[in-house]
Amino acid sequence: KYQKFHDYNPSVMDQLIRFESEIIHPMGNYKVPVITLSNRIPKEAVCQVFENVNTGGVSLTVFELITATFAADNFELRKDWDKRFETMVDKSKDLLSEVSSTDFLTAVTLLSRYYIKSSGGEAVSCKKKDVLNLSLQEYIKYADELTNGFIEASNFLREERIFSPRDLPYSTQLIPMSVLYAILKNRSCDGIIRDKISQWYWCGVFGEMYGGANESRYVTDVTGMMNWIQGNEEPDTIARAYFQPTRLLTLQSRLSAAYKGIMALLLKNGALDFISGKAMDF
């Protein structure tokens, strides 16, 4: 089939034949490895398979799986998240730039399950399997509330003199805090409630409570804080918080949450700029 072209330019023809034999033909006969999963397999098991297979490549997260699930209903989750993230970062002056898409889905799940529990439903939970079971209707219903919740949480942090992601003790603590602001709405402006949020926040920071797996703590903090605000006993994070004074002697790295917390409190209590002598505030 290449005879006419071969007569005109033999060298190029040889290259084409070699290209077909060494590249085109192997590609056409390449055997693609496939893992077939039954539709009866739980979503959390599917997610685990994706994580294991993609350890050495670009990992597929819970967000990727939910994106695929919502796409079946013609909803583009990634575009929706990108718009929300841009709004959050802009209004928080970059403080929320480390909030991930999975963090947001976890917060939506936590808020949804809190309302379900408040209506007499099952226990509050926001583990991976719960996030994977989040419906599109629940996401649409609560996403705007959570967006505002994260922004209000960032306003609180800025009032506490935390202005940038690198100065944030625990980015994970933003998840229950945003849910609290979403639930409380305008009630969060009440001075007594704000003081309780502040006490809970700093107990979490100086008790160094958010350094590990936190899904269970998200739940106990949100439910505990709402119970406390309603006049019941204080939440577990406050009751169990403890700061050993000698810990101050070992806080020599700014990677420590307590170190960052102390720096924020120094600013809040009147630290002055070394050069200008002005207060280091907003």
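Just above, that's the structure.
Note that the structure is predicted; figures quoted are calculated from it, not measured. Numbers given to residues run from 1 along each chain, matching the order in which its sequence is written. At least 70 in pLDDT is required for a residue's local features to be given in this predicted model, at least 80 for side-chain atom pairs to be given and counted, and no such filter applies to totals for whole chains, interfaces and linings, which use all residues. Side-chain metrics rest on all non-hydrogen atoms present in the structure, leaving aside hydrogens and water.

Right, let's talk about the side chain of Glu160 for a bit. Locating Glu160 in the fold gives a position in the loop between helix H8 (136-159) and helix H9 (174-184). Polar contacts, as counted here, are pairs of nitrogen or oxygen atoms within 3.5 Å of one another; within protein the pair requires one atom able to donate a hydrogen and one able to accept it, and residues that are adjacent in sequence qualify only if both atoms are side-chain atoms. Side chain to side chain, Glu160 and Trp202 meet in a polar contact 2.9 Å long. Sequence-distant contacts of Glu160, that is, excluding residues within four places in its chain, are made with Arg194, Ser198, Trp202, Ala264 and Lys268. Per the convention used, a helix needs a DSSP run of H or I reaching at least four residues, while a strand needs a run of E reaching at least two, with both numbered from the N terminus. Two residues qualify as a contact provided that any one of their heavy atoms is within 4.5 Å of a heavy atom in the partner residue.

Time to look at helix H13 (residues 257-268). Taking 1.5 Å per residue as the helical rise, H13 with its 12 residues ought to reach 16 Å, and the 17 Å between its terminal C-alpha atoms agrees with that figure. Within the sequence span of H13, burial applies to Ala257, Ala258, Lys260, Gly261 and Ala264. All buried residues of H13 fall inside an arc of 160° around its axis, so they share one side. The secondary structure elements touched by the buried residues of H13 are helix H10 (191-206). Where H13 begins, one side-chain oxygen reaches toward the backbone nitrogen of Ala258, 3.3 Å away; that side chain belongs to Ser256. The span you would expect from a helix comes to 1.5 Å times its residue count less one. For each residue, the accessible area found with a 1.4 Å probe, counting protein chains only, is set against the maximum for its type, and the residue is called buried under 20%, exposed over 50%, and partly exposed in between. Read the arc as the range of directions from the helix axis to the C-beta atoms.

Residues qualify for a patch when their relative accessible area is over 30% and they have no salt bridge, like charges being joined within 9 Å and the nonpolar side chains of Val, Leu, Ile, Met, Phe, Trp and Tyr within 5 Å. Reported accessibility uses the Shrake-Rupley method at a 1.4 Å probe radius. Residues are deemed covered only where the shown protein chains occlude them. Criterion for a salt bridge: a side-chain nitrogen of Lys or Arg within 4 Å of a carboxyl oxygen of Asp or Glu. Neither His nor the chain ends contribute to the count of charged residues, in which Lys and Arg are positive and Asp and Glu negative. Here the site of a charge means NZ on Lys, CZ on Arg, CG on Asp, or CD on Glu. Negative charge collects at one region of the surface, where Asp82, Glu86, Asp90 and Asp94 lie side by side. Mapped onto the elements of the fold, Asp90 is located in helix H5 (residues 77-91). Since its relative accessible area comes to 57%, Asp90 is described here as exposed.

With that settled, the discussion passes to the packing of helix H6 (residues 101-118) against H8. One can describe the packing of H6 onto H8 by two numbers: an axis separation of 9 Å at closest approach and a directional angle of 110°. By the angle between their directions, the pair H6 and H8 is classed as roughly perpendicular. Along this stretch, H6 crosses H8, giving a crossing that reads as right-handed. Here Phe104, Leu105, Ala107, Val108, Leu111, Ser112, Tyr115 and Ile116 of H6 lie close against H8, whose contacting residues are Glu138, Tyr139, Tyr142, Ala143, Glu145, Leu146, Thr147 and Phe150. For this scheme, ten residues count as nonpolar: Ala, Val, Leu, Ile, Met, Phe, Trp, Tyr, Cys and Pro. Four count as charged, namely Asp, Glu, Lys and Arg, and the remainder, Gly too, count as polar. Partitioning the contact of H6 with H8 into residue classes produces 12 nonpolar, 2 polar and 2 charged. The axes are straight lines fitted to the C-alpha atoms, using for helices just the contacting stretch, and the angles between their N-to-C directions are given from 0 to 180°. The labels follow the angle: roughly parallel below 35 degrees, roughly antiparallel above 145, roughly perpendicular from 65 to 115, and oblique for the rest. The hand of a helix crossing depends on one turn: near helix anticlockwise from the far one by less than a right angle means left-handed, and clockwise means right-handed.

Quick look at unusual backbone geometry now. Negative phi is the rule for most residues except glycine; trans is the rule for most peptide bonds. Unlike most non-glycine residues, Asp94 shows phi in positive territory, near 75°. The exposure class of Asp94 is partly exposed, given its relative accessible area of 46%. Even without being glycine, Arg161 reaches a positive phi, approximately 70°. By the element assignment, Arg161 lies in the loop between H8 and H9. Judged by relative accessible area, which is 18%, Arg161 ranks as buried.

Turning next to the packing of aromatic side chains. Aromatic contacts are taken between Phe, Tyr and Trp rings whose centres are within 6.5 Å, Trp giving its six-membered ring; a plane angle under 30 degrees counts as stacked, one over 60 as edge-to-face, and the others as tilted. Tallied over the full model, the rule gives 15 aromatic pairs. Between the aromatic rings of Trp81 and Phe104, the centroid separation amounts to 5.3 Å while the plane-to-plane angle is 45°, which identifies the pairing as tilted. Residue Trp81 is found in helix H5, and its partner Phe104 is found in helix H6; the two are separated by 23 residues along the sequence. Assigned by exposure class, Trp81 and Phe104 land together as buried. Centre to centre, the rings of Tyr170 and Tyr210 are 6.1 Å apart; their planes meet at 45°, and the pair counts as tilted. Taken together, the residues Tyr170 in the loop between H8 and H9 and Tyr210 in the loop between H10 and helix H11 (215-229) connect sequence positions 40 residues apart. For Tyr170, a relative accessible area of 11% gives the class buried. Ring pairing ties together the aromatic residues Phe70, Phe75, Trp81, Phe85, Phe104, Tyr139 and Phe150, which thus form one cluster.

In a soluble, globular protein the nonpolar side chains are often hidden away together inside. Grouping buried Ala, Val, Leu, Ile, Met, Phe, Trp, Tyr and Cys residues that are joined through side-chain atoms within 4.5 Å yields what is termed a nonpolar core. Counting residues in each nonpolar core, the largest one holds 69 residues, and the members touching the most others are Phe104, Tyr139, Leu146, Phe150, Leu157, Trp200 and Tyr201. Here this core gets 10 residues from one element, more than from any other, and that element is H8. Ignoring anything within four residues of it in the chain, the contact list for Leu146 reads Phe104, Ala107, Val108, Leu111, Ser178, Val179 and Ala182.

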